[in-house]
Amino acid sequence: MTGTELSIAITGAGGAGVISVGELLLQAWAKEGGRGLLRKAFGPQIRGGESAALLKLTETERYTAARQYDVLLAFDWNNFTRFGDEIRIARDALVICEPACDPPPEVLAAQPRLLRFPMARLAADTHAEGRVNMFALGLLGRLLGLPLDSLEQLTLQKLKAKPEAYRHAAIACISAGTTQAPDCELSLPKMGAKGAWYMSGNQAAGLGALEAGVRFVAAYPITPASDVLEWMAGGLEKLNGNLVQAEDELAAINMTIGAAFGGVPSLTATSGPGLALMTESIGLAVASETPVTILNVMRGGPSTGIPTKSEQSDLNIALHGLHGDAPHLVLAPLDIADCVFTSGWAVNLAQGLQTAAIVLSDQFIGQSTAVISEPLRCESQVAGAQDNDNDYLRYRLTDSGVSTLAIPGDADQRFTADGLEHDEKGTPSARDDDHQLQLAKRARKLTTYNYGNAWARVQGNGQVALVCFGSASAAVNEAADLLARQGINVRTVSLRLLAPLQREQLTAALEACNTVFVVEQNHGGQLFQYLRGMMDFNQALHSYSRAGPVPLSGHAIATAVAQEVTV
Amino acid sequence: MNLIAKAKPKDYKSSVKPIWCPGCGHFSVLNALTKAFAALGIDKDDTVLVSGIGCSSRLPAYVDSYGFHGVHGRGLAIAQGLKVARPDLTVIALGGDGDGFSIGGNHFIHACRRNVNITYIAMDNEVYGMTKGQASPTTAADWDHSKLTPHGPGVRPFKPAALALASGAPWIARGYSGNPNQLARLIAEAVEHPGFSFVHVLSQCITFCPEQTDWKAVVSEREAPALTDADAAASLFLHENGFQTGVLYNAARNAWPPEQVERQSTDITEGFRL
Amino acid sequence: MSNQQLGDFLAHSVELESEARERYLELAQAMIAHHNTDVAGFFNRMAEESRLHLEEVAEIAQDIELPGLKAWEFGWPEEESPEAVSYEAVHYRMSLRQAMLLALENERAAEKFYRSFADASSDGETRHLAAQFSAEEASHAAQLEKMLGKLPPDREHHLEEDDQPHMPE
């Protein structure tokens, strides 16, 4: 069981600073040994629009979106209905708001404990520069039992670039919020975890890549991948690497290929529309056997779609979007901490197998911030090709399919990498054998490599299996817990490696199952179609696919499974 | 006599033989490039030629250095990524007018603006040769030899030098395939220029534009030293006939990226530990 | 004491002959790729002639220090060295006659170049050698003229063809 959870939504508009409250609260909570997740939701305005900080405080690191909120603190109710899909109020929730404004009917419908509290006035009374959000931070900190000095210290650190009077006001308001907070009963999750890290999935993916050796990134800004780049820009500077903001995604992927050709492990990050633009050149990386990693942070599609919301709908393009026969790697991190492992693994595999690796992260894990234990790193490295022949052939046909990769500067191994089909030397060729042999070589190096146990996370041992990929893992495992409470034992298979599909391992993982649900966050059942096309299943196969923008819900999955299984 | 010690132009040629039409200007560019390499004493192992797609983009395979024959229009992007990641290498991008000014046009103007220390040789024959002679961005408006545009493209051609200047290129030269020795000098100077250097080469297409054999009569070497003033260069590039050769523009501008300074902290995880 | 004029002359001569040789080989290769074997064969023979001449020059130059001139520092009367057939003057369907005419033009250009070098030089040895080379080029030209005389005239439209060009990429 997952223990007690407490979900808190903080909403407001016009630059009220709700996100900062969420961040500081979660950091202070983590410092006390708590675990939790922070998601953010925004209106379409760049500044001053309605914002929501969505906190979920938990006892484990299995982070799903909160199903409903136990606490809602609203600075105002402007456009609150925008969040109607996301912020559902629990029955008996604590709703804290200004006395002057009435909550909208959908909030009142949950019959909450309504606490009308003049936060804005009290903040203004406290200090001439007083801010209501800092007052709220103190108030919520008190409700969560967080030490005042910890809140103050974290706040001063965050506001270190602000004017002194501004910082004084913040501290004064936090203190006032703490002392003036009313007494409210809240059932708090247990704390006591040690060694907290605090990071978003985008940062985690960036960290995994840099730790795996990436020293060059070229990319074009796109939501929700831009913050990967922002973090990596600083990280690369520390490591004497380079980040180039390219003129478009076509340039980004090709700069990445160029740097990789120079022997520098390289990555680009993007989202669906950018991935679509890159696909021609990913084919070039495959054909020329240039190692590149493409971190694709999925959002609602197609086209501009819903850029700020999550979806797992780029699986098809990642698997099948390249022209020609272009075997490549597709991986998906299972949660925020796993972004470190999976992006590192992708870089290692791309480097070792000399191909393109597409990593399918998404907005949900990419832009959510979590408190986690120190993340696991990927240690596995692909062994290099052994080429003892004096006559260097860049595309030598080897048993493993992997040939020795020379880089410019290496003495006497000069070759021209080519997107044209070529012979072993690299000379363009339209001959039948060269095409057959090179195609087979590029396929072989991916299919014969032993990927070990990291291909998936397999949990439980029921006769019903839930198969998913990437960030759906948390919701699927939550569903498994809920089903277990109903007496339905479920095993879960969360695929980390999607291509090449580890068919034998997946078949073994599903042994003795009679029912398989393929769970994913998209409309068309892309994983379901893929698995059905790639494998024979002895089990009854069901698809549970639900598109964004609302995160996958373990409860909804459990309900659907229970209905099917108990019929 | 000491002719052996130094590498000669032909030593820079690979064993792959060109498939260009006899009469093609690109042979001359290959010749000039190898002459420039020989004159500079370039180390083959530390040199990379990068190209896109098209007749001219076949060139890297014909040179005994490292090479990358990429996809259409993206050679400049590959070259810049490579040079930023490996500043120790000599990186030369090359390609044709369609590759560089049409499908790769955005990369061209941004490469001029970004000023990474690479050389870009655009072999301009005003036509798409690999796809049977369609009009390119530098084809005259009334050139009606292509079935695709039977009345001519009907739109004004780009002026590559003017485009480069407006985009911020610090060093611009023009050469001609009929004069490979001069072109060799231009390429050598381009490679030595510490920033983005653009060599626009008028390189005739014997197959689709046989009328370009007349270029010989109109091409002339510009005697005056390279302009350093952008206004004067703009005036030149907008009003000249496009057949003047030589180093036309040379303005001092710092290349990008600047040299890295040693960092105090190399711990990239510090921000994550609470 | 080194003879500067002689060194300069020999450097030009070495460059002229080696460029001629390489150019003929290169053009022969291009003709082979385009299946014009007659012209390819002729260009290869011309390359061989140049090789022989180059050997002769190299032997003379053995103990003489030659100036290390860059490709663009030679004093050629035209853009290229006189005996290098212009890359742009050939065509894949060119006839043997056209190829010979081109070669003849270049032999004459070389003859003229050597002769003017001889005329302009104040050094006896240089004048002697340049004149000798000029005479050799003249004799090559005469041989070519003789061969040309035996060739049938070209058909007027032999460069035309029925098929359209291909689309390789």
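The rules behind each value
- Residues numbered from 1 in each chain as written.
- Chains lettered and ligands numbered in written order.
- Predicted model: local features only at pLDDT ≥ 70, side-chain atom pairs only at ≥ 80, totals over all residues.
- Domains from an automatic or database assignment.
- Helix = DSSP H or I, 4+ residues; strand = E, 2+ residues; numbered from the N terminus.
- Nonpolar A, V, L, I, M, F, W, Y, C, P; charged D, E, K, R; others polar.
- Buried ≥ 20, exposed ≤ 12 C-beta atoms within 10 Å, placed from the backbone.
- Contact = placed C-beta atoms within 7 Å.
- Axes fitted to C-alpha atoms, helices over the stretch in contact; angles between N-to-C directions.
- Parallel < 35°, antiparallel > 145°, perpendicular 65-115°, else oblique.
- Left-handed = near helix turned anticlockwise from the far one by under 90°.
- Pairing = 2+ DSSP bridges.

(A) Molecular detail of the domain arrangement of chain A. Residue and element names in this part refer to chain A. By domain assignment, chain A separates into domain 1 (6–180), domain 2 (198–372), domain 3 (385–448) and domain 4 (455–566). Computed over C-alpha atoms only, the centres of domain 2 and domain 3 are separated by 25 Å. Sorting elements by how many residues they give to the side of domain 2 that touches domain 3 places helix α10 (residues 272–288) first, with four residues. Tallied by class, the residues present in the side of domain 2 that touches domain 3 amount to seven nonpolar, six polar and two charged.

(B) Spotlight on the environment of Ala212(A). Residues and elements named next belong to chain A. Mapped onto the secondary structure, alanine 212 falls in the loop between α7 (201–211) and β8 (216–219). In this structure alanine 212 comes out as buried when scored by C-beta crowding, with 24 C-beta atoms within 10 Å. Measuring from C-alpha to C-alpha, the distance between alanine 212 and glycine 141 comes to 38 Å, with 71 residues separating the pair along the chain. The contact partners of alanine 212, leaving out residues within four places of it in the chain, are Gly344, Val347, Asn348 and Cys378.

(C) Examining the packing of helix α9 (residues 249–261) of chain A against helix α2 (residues 75–85) of chain B more closely. Where α9(A) meets α2(B), the closest approach of the two axes is 6 Å, and the angle between their N-to-C directions is 50°. Taken together, the axes of α9(A) and α2(B) are oblique relative to one another. As α9(A) packs across α2(B), the resulting crossing turns out to be right-handed. Facing α9(A), whose interface residues are Leu250(A), Ala251(A), Asn254(A), Met255(A), Thr256(A), Ile257(A), Gly258(A), Ala259(A) and Phe261(A), α2(B) presents Ala77(B), Ile78(B), Ala79(B), Gln80(B), Gly81(B), Leu82(B), Val84(B) and Ala85(B). Counted by class, the contact of α9(A) with α2(B) contains twelve nonpolar, five polar and no charged residues.

(D) Geometry of the interface of chain C and chain B. Counting residues at the interface gives 30 residues for chain C and 31 residues for chain B. Elements represented by at least two residues in the side of chain C that touches chain B include exactly α1 (4–33) and α2 (37–61) of chain C. Take the side of chain C that touches chain B: its biggest share by element is eight residues, from α1(C). Its residues assigned to classes, the side of chain C that touches chain B shows 17 nonpolar, six polar and seven charged.

(E) Representation of unusual backbone geometry in the model. Here the bond from Gly301(A) into Pro302(A) is cis, since omega is 0°, no more than 30 degrees from zero. Looking at where Pro302(A) falls in the secondary structure, it is placed in the loop between β11 (292–298) and α11 (315–320). If you check the backbone angles, Gln354(A) has positive phi at about 50° while not being a glycine. You will see that Lys132(B), though not glycine, has its phi angle at about 90°, which is positive. Mapped onto the secondary structure, Lys132(B) falls in the loop between β5 (127–128) and β6 (134–135).

(F) Fine view of the interface of chain A and chain B. Contacts between chain A and chain B engage 48 residues on the former and 40 residues on the latter. Ranked by residues supplied to the side of chain A that touches chain B, first place goes to α9(A) with nine residues. Tallied by class, residues from the side of chain A that touches chain B come to 25 nonpolar, 14 polar and nine charged. Where strand β15 (residues 416–418) of chain A lies against strand β2 (residues 66–69) of chain B, three bridges are found, and the strand directions are parallel. Counted as the bridge partner of Ala417(A) is Phe68(B) from β2(B).

(G) How the structure looks around the arrangement of the chains. The assembly contains two pairs of chains in contact; the pair sharing the most contacts is chains A and B. Left apart from each other, chain A and chain C have a closest C-alpha approach of 9 Å.

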